[in-house]
Amino acid sequence: MAYNAVDRWINTEKRNQVAILYVNERGEEKKLSYYELYREVNKMANALKNLGVKKGDAVSMYLPMCPELIISMLACTKIGAVHSVVYSGLSVGAFVERMNNAKVKILITADGTYRRGKIINLKKISDEAMLQCPTVETVIVVKHTDEIEMKELRGKELSYDKLIEGEPGECECEPMDAEDPLFLLYTSGSTGKPKGIVHTTGGYMVGVSTTLKNIFDIQPDDTYWCTADIGWITGHSYVIYGPLLLGTTTVVYEGAPDYPDPGAWWKIIEKYGITKFYTAPTAIRHLMRFGDKYTRIYNLSTLRILGTVGETINPEAWMWFYKNVGKEKTPIMDTWWQTETGMHLISPLPSAYLKPGSATKPVPGVFADVVDEKGNSVPLGTGGHLVITKPWPAMFRTLYEDEEKFKDVYWNDIPGVYKAGDMARKDKDGYFWIQGRSDDILKIAGHRIGTSEVESAFVSHPAVVEAAVIGKADPIKGEVIKAFLILKEGYQLKTKLIEELNAHVRYELGPVAVIGELEEVDSLPKTRSGKIMRRILRARDKGEDVGDTSTLEE
Ligand code: PRX
C-alpha cells in the first residue's frame, strides 16, 4: 500500500506535484509534494521501528486533520503496523474504550486542534484518557498549534519533532500479503461496545482506487477535496488512500465549515481551483441556511463533480447543492457505503441519469438487493433489508477479536448475503432509495453512534438509574438524541441537572453526541428478557400507533 500510494510516484512526473494540500480555518496552508511526503513517511517509519514497532502491531492516533496524521498512518502502513485512528471529536470515554479494546502500545496525539475560532485542547483529553489505558507505553506528541501551553513532556511522552529528527529519509517497504491487516477502525454497533472493523491490504487498495477513479472521474489535473474527517472511514478511503493511490492532489481541511464566515469552504474552492468536491448532506443543510449569498461571492466554476455521503440527502438539499454550488452543470454522486464496506457500493457514475435522494445503482461489479427477513427479494417499490449478494474487493474481513459477532451481525441473520443494517427500496427503474438503519444506530450529522453507547454514558451519571435513547428528526443534523431517563430519588430534571447531563455525555462521548431532548419517565417499555423496546418509544414520540406489544413485559 505504501509503495503504491507514495513510493512509486517519486520516479514519475508526479514527484514534485502536491500530494497533500493542508488548509485550515485560519487561512494557513502547508503543501507536501509526493517527494516530500515520501521523505516524511520514511522518517516516521524509521522512528517507529526504533521504538520497536513491528509488522502487525497496533498504533493509535488521536490527532487533528494535519499532515502528521497522514504521515503517521502511512508510516505504519510502510512497516506493516496496523493503524487505529480515533476521531478527535470523540471524548475520554469513547477514546479509552477504543484504545483498550485494541490493547494499543503507542499513541500519537497533539496539543490541540482549531475549531470555529477556538483551540480544542486534545492533549488534556488524551492525558485524562491515558490514566485509564494501561497498555500504552509511549505517547508521541505533535506540536500542532503554537498557543497551547503544554507541560514538559514526561515519562512515556516523546515529541514528534524530536523523534524524527535525524532519521533517514529512506525506508524499505514491509512486504505485505493481500490479506494482511491494513488498519482497524472502530465504529458504533447496536450494543454498547464499539466494533473494531478490520480492513486488509490488497482488496481495499483495489476497491478504493477503482471507485474513486470511476465515480469522481479522477484526472491528472484534478484538485480533489473531500471534507470528511480522517477519523472516519470516508477520510481513510477518500481523503488519503484513494487519492494517493491515483496520484491526485488531496486537500485536507482543518476547521469548521462556517468559520470565519459561511463562505469559508467556497473561498477554498475558488482559491485552489477545486475540481471535485465531496461532502456530507448535514454540511450542505447547514450552509444552505445562508441562501445563495456566499456561493455567489466566490467563483466555483472549476467544479466538475460533486459528491455526498453519510446519510440520505433530502431532495431540497440536493437541489440547493446542484443549483448554487454546481451551477446546474455538475453531477452529484450520492455514494452509499459503510465503514464495513470500505469503498462505495451504491453510487451513480458521472454519466448516470440522476434522481435526487437516490444513490442510484450498485457500482459495476457490485450486486445488491432488497429482501425480506428470510432473504427473499421483495417486489419493486416495497421496503426491505438492503443486502449485498456477492463479495467485493474492499470488504472488511472480521471484527477485531470477535469473529462470532462478525458472523452473527452481518452474515448469519440472512444466510448467504451481507446484511448492511439499512432498510431500502428499489423503484421500477432499479434505483435504490435508502430509508435509514434497521438497527439501533443513530446518524447524528452523518456520524454513527449507537443508542446503547449513549445510554451507557447517561447511566454512568449518578442521577440516572436507567436510560433509553432514540433518534429525533432534526432539520440540520438529520437526527439528534432524545433520551428517556429514570432518575434516582431526590433528583429532578431541572435546568442544573440538564446542563450537568449534557456536559457529562459530552465528556464521555464528545461533541458528536448532540442531545435534543430529555424526558423523565417512571418506567421504560421492555421485553421479558429486559431489552428496551425503542420501537415503542419512537412510535409514542411521533404520536403513532405503537403496534404489536405482545412481547412487552412492562
Ligand atoms: O445508514 C447508511 C448511512 O451511513 C451508514 C454507514 O455509516 P458509516 O459506517 O459511519 O459510514 C459513513 C460513510 C461511508 C449506512 O449504513 N449512509 C452512508 N451513505 C449513505 C447513507 N445513507 C443514505 N445515503 C447514502 N449515500
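Fair warning: this is a prediction, and the values are worked out from it, not measured in the lab. (Residues numbered from 1 in each chain as written. Predicted model: local features only at pLDDT ≥ 70, side-chain atom pairs only at ≥ 80, totals over all residues. Heavy atoms only, no water.)

### Quick word on the overall build of the protein chain
Alright, step 1. Helices and strands together make up the secondary structure of the protein chain, namely 16 helices and 26 strands.
Alright, step 2. By the compact-globule yardstick of 24 Å for 554 residues, the protein chain fits well, its C-alpha radius of gyration being 23 Å.
Alright, step 3. Looking at the protein chain as a whole, 59% of its 554 residues are labelled buried.
Alright, step 4. Partitioning the contacts of the protein chain with sequence separation of at least 6, the portion at a separation of at least 24 is 70%.
Alright, step 5. Carbon and sulfur atoms form 50% of the exposed surface of the protein chain, whose accessible area is close to 22,700 Å².
Alright, step 6. Here the protein chain carries 68 positive and 75 negative side-chain charges, and the mean point of each set is 3 Å from the other. (Helix = DSSP H or I, 4+ residues; strand = E, 2+ residues; numbered from the N terminus. Rg over C-alpha atoms; globule rule 2.2 N^0.38 Å. Buried < 20%, exposed > 50% of the residue type's maximum accessible area, 1.4 Å probe, protein only. Contact = heavy atoms within 4.5 Å. Areas by Shrake-Rupley, 256 points an atom, 1.4 Å probe, with all protein chains shown as cover. Lys, Arg positive; Asp, Glu negative; His and termini not counted. Charge placed at Lys NZ, Arg CZ, Asp CG, Glu CD.)

### Thoughts on the pattern of salt bridges
Alright, step 1. Under the criterion given, the structure shown has 40 salt bridges.
Alright, step 2. Arg116 is the partner of Asp258 in a salt bridge, and the nearest nitrogen-oxygen pair spans 2.9 Å. Within this pair, whereas Asp258 is found in the loop between strand S13 (249–254) and helix H9 (264–272), its partner Arg116 is found in the loop between strand S6 (112–115) and strand S7 (118–121), the two being separated by 142 residues in sequence.
Alright, step 3. Note on Asp258: relative accessible area 15%, which makes it buried.
Alright, step 4. Residue classification places Arg116 among the partly exposed positions, given a relative accessible area of 42%.
Alright, step 5. With a closest N to O distance of 3.5 Å, Asp422 and Arg437 form a salt bridge. You can see Asp422 sitting in strand S20 (residues 418–426) and its partner Arg437 sitting in strand S21 (residues 432–437), a full 15 residues away along the chain.
Alright, step 6. Judged by its relative accessible area of 8%, Asp422 is buried.
Alright, step 7. Its relative accessible area of 24% is what places Arg437 among the partly exposed residues. (Salt bridge = Lys/Arg side-chain N within 4 Å of Asp/Glu carboxyl O.)

### Brief notes about the pairing of strand S22 (residues 441–444)
Alright, step 1. With 4 bridges joining them, S22 and strand S23 (residues 447–450) adopt antiparallel strand pairing. Bridged to Ile441 within S23 is Gly450.
Alright, step 2. The turn linking S22 back onto S23 is made up of 2 residues, and Ala445 within it adopts a positive phi angle of 50 degrees. (Pairing = 2+ DSSP bridges.)

### Re empty space enclosed by the protein
Leftover empty space is mapped by rolling, across the atoms, a probe with the size of a water molecule.
Alright, step 1. Applying the stated rule across the entire model yields 1 cavity of 30 Å³ or more.
Alright, step 2. The volume enclosed by the largest cavity comes to roughly 100 Å³.
Alright, step 3. Leu90, Arg98, Tyr186, Trp232 and Arg448 are the residues nearest the centre of the largest cavity, which is lined by 15 residues in total.
Alright, step 4. Of all the secondary-structure elements, those providing two or more residues to the lining of the largest cavity are strand S10 (181–187) and S23. (1 Å grid on protein atoms, 1.4 Å probe; cavity = no way out; pocket = protein on both sides within 12 Å on 5 of 7 lines; lining within 4 Å. Points joined across faces, edges and corners; volume = space filled by probe spheres on them.)

### Overview of the layout of surface pockets
Alright, step 1. What the second largest pocket holds in volume is close to 320 Å³.
Alright, step 2. Every residue lining the second largest pocket is counted, 20 residues in all, and those nearest its centre are Gly56, Asp57, Ala58, Val59 and Lys103.
Alright, step 3. Breaking the lining of the second largest pocket down by element, the ones donating at least two residues are strand S3 (58–62) and S10.
Alright, step 4. Tallied by class, residues from the lining of the second largest pocket come to 12 nonpolar, 3 polar and 5 charged. (Nonpolar A, V, L, I, M, F, W, Y, C, P; charged D, E, K, R; others polar.)

### Section: the environment of Pro262
Alright, step 1. If you trace the backbone, Pro262 turns up in the loop between S13 and H9.
Alright, step 2. Not counting chain neighbours up to four residues away, the residues in contact with Pro262 comprise Leu287, Phe290 and Tyr294.

### Things to note about the domain arrangement of the protein chain
Often the size quoted for an interface is simply the accessible area lost on bringing the parts together.
Alright, step 1. The domain architecture assigned to the protein chain consists of domain 1 (2–256) and domain 2 (441–542).
Alright, step 2. For domain 1 and domain 2, the distance between their C-alpha centres works out to 32 Å.
Alright, step 3. For the pair domain 1 and domain 2, the summed buried surface comes to about 1,200 Å²; carbon and sulfur atoms form 47% of the total.
Alright, step 4. Linking domain 1 to domain 2 there are 1 salt bridge.
Alright, step 5. Of the charged contacts, one joins Glu453 and Arg98 as a salt bridge, the two residues approaching to 3.6 Å between their closest N and O atoms.
Alright, step 6. Counting across the domain 1 and domain 2 interface gives 11 residue pairs in polar contact (both at pLDDT 80 or more).
Alright, step 7. It is helix H4 (residues 92–101) that provides the largest number of residues to the side of domain 1 that touches domain 2, a total of 4 residues.
Alright, step 8. Residue composition of the side of domain 1 that touches domain 2, by class: 5 nonpolar, 9 polar and 3 charged. (Domains from an automatic or database assignment. Buried area = accessible area lost by both parts, 1.4 Å probe. Polar contact = N/O pair within 3.5 Å; in protein donor to acceptor, adjacent residues only side chain to side chain.)

### Re the environment of Tyr186
Alright, step 1. Structurally, Tyr186 is set in strand S10.
Alright, step 2. Overall, Tyr186 belongs to the buried group, its relative accessible area being 7%.
Alright, step 3. Along the sequence, Tyr186 and Asp408 sit 222 residues apart, while their C-alpha atoms lie 18 Å from each other.
Alright, step 4. With near-sequence residues (within four places) excluded, Tyr186 lies in contact with Ser84, Arg98, Asn101, Ala102, Pro194, Lys195, Gly196 and Tyr400.
Alright, step 5. Of the polar contacts made by the side chain of Tyr186, one reaches the side chain of Asn101; its length is 2.6 Å.
Alright, step 6. A polar contact is formed between the side chain of Tyr186 and the backbone nitrogen of Ala102, at a distance of 3.4 Å.

### A closer look at the pairing of S3
Alright, step 1. The buried fraction of S3 is high, at 5 of 5 residues.
Alright, step 2. Because side chains alternate across S3, one face comprises the buried residues Ala58, Ser60 and Tyr62, and the other comprises Val59 and Met61, equally buried.
Alright, step 3. One ladder, built from 4 bridges, connects S3 with strand S4 (residues 82–85); its direction is parallel. Bridge pairing links Ala58 to Val82 in S4.
Alright, step 4. Handedness of the crossover joining S3 and S4 through helix H3 (residues 67–79): right-handed. (Right-handed = clockwise from strand over helix to strand, strands pointing away.)

### Focus on the nonpolar core
Alright, step 1. The biggest cluster of nonpolar side chains holds 96 residues, and the ones touching the most others in it are Leu37, Met44, Met61, Ile230, Leu244, Trp336 and Leu386.
Alright, step 2. Those residues in contact with Leu386 that sit more than four places away from it in its chain are Trp336, Ile346, Ala368, Asp369, Tyr418, Lys419, Ala420, Asp422, Ala424, Phe432 and Ile434.
Alright, step 3. Val104, Cys133, Leu487 and Leu518 belong to the second-largest nonpolar core, a separate cluster that totals 48 residues. (Core = buried A, V, L, I, M, F, W, Y, C linked by side-chain atoms within 4.5 Å.)

### Quick word on H3
Alright, step 1. In this model H3 runs 19 Å from its N-terminal to its C-terminal C-alpha over 13 residues, within 8% of the 18 Å that 1.5 Å per residue would give.
Alright, step 2. Burial analysis of H3 places 13 of its 13 residues in the buried class, the great majority of the element.
Alright, step 3. Following H3 by one or two positions, Gly80 adopts a phi angle in the positive range, close to 80 degrees. (Expected span 1.5 Å × (residues − 1).)

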